[in-house]
Amino acid sequence: MAVLPILQYGEKILREKCVPVEKFDLNLATLLDNMHETLTSAKGAGLAAPQVGLNLRVFVIDLEEEGYFEFVNPVILGTSGSQYGPEGCLSVKGKWGDVKRPKKVTVEAYDRYGIKFKLVGRDFFARAIMHEYDHLDGIIYTDKADNIRDDI
Ligand code: CO
């Protein structure tokens, strides 16, 4: 396993539309292991593949309450409600901004073995899923945020 460099705002790949994973192989497993280690090392809540230089539809989320999840080729099946609050990103170091997100999201994705699963995320978990999902379409939270401010 390895801690990967996290690309910062301005890197072109962060603006690309990512492509689906086709092979659920050892390369994918290694990528996910490295993304998990990178996320843990950065003390973040989520990390998407383009942030480590790969334009693949893959992200990981690690939250104290809900635990650690890997999403490959995710599809948002539905959202409901709304929440408004602070958000940051490992690719936009030292900044925060307020973003409106759904309160609840239903997502379908594959795990590293190619097994499809469906889950419902609420509150901060929903926010994290939508933030990471946006990365797969080249969207950065600052595109949607109000009151972007320096971390103090
Ligand atoms: Co981010």
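Read on for a plain summary of the structure. All values derive from a computational prediction rather than experimental measurement.

Examining the packing of aromatic side chains
- What the rule picks out here adds up to five aromatic pairs.
- On the basis of an interplanar angle of 35° and a centroid distance of 5.1 Å, the ring pair of Phe69 and Phe125 is categorised as tilted. Here the residue Phe69 occupies a position in strand β3 (residues 67–80), and Phe125 occupies one in helix α2 (residues 124–135), the gap between them amounting to 56 residues.
- The class of Phe69 is partly exposed, set by a relative accessible area of 23%.
- Every member of this aromatic cluster is reached through a ring pair, and the members are Phe59, Phe69, Phe71, Phe117 and Phe125.

Topic: the coordination of the cobalt ion
- Here the cobalt ion is held by Cys89 (SG), His131 (NE2) and His135 (NE2), and the distances to it run 2.0 to 2.2 Å.
- The sequence motif formed by the donor residues of the cobalt ion is C-x41-H-x3-H. Of this pair, Cys89 sits in the loop between β4 (83–87) and β5 (95–101) while His131 sits in helix α2, and the two are 42 residues apart along the sequence.
- For His131, a relative accessible area of 6% corresponds to the buried category.

Describing the side chain of Thr38
- For Thr38, the location among the structural elements is in helix α1 (residues 26–42).
- Here Thr38 is in contact with Ala2, Val3, Leu4, Ile6, Leu47 and Val52, once residues within four sequence places are set aside.

Remarks on the environment of Phe125
- By relative accessible area, which is 5% here, Phe125 ends up buried.
- The spatial distance from the C-alpha of Phe125 to the C-alpha of Phe71 is 13 Å, given a sequence separation of 54 residues.
- With near-sequence residues (within four places) excluded, Phe125 lies in contact with Ile61, Leu63, Glu66, Phe69, Phe71, Leu119 and Val120.

Rules behind the numbers
Residues numbered from 1 in each chain as written. Predicted model: local features only at pLDDT ≥ 70, side-chain atom pairs only at ≥ 80, totals over all residues. Heavy atoms only, no water. Phe/Tyr/Trp six-rings, centres within 6.5 Å; stacked < 30°, edge-to-face > 60°. Helix = DSSP H or I, 4+ residues; strand = E, 2+ residues; numbered from the N terminus. Buried < 20%, exposed > 50% of the residue type's maximum accessible area, 1.4 Å probe, protein only. Donors = N, O, S within 2.8 Å, 3.2 Å for Na, K, Ca; no water. Contact = heavy atoms within 4.5 Å.

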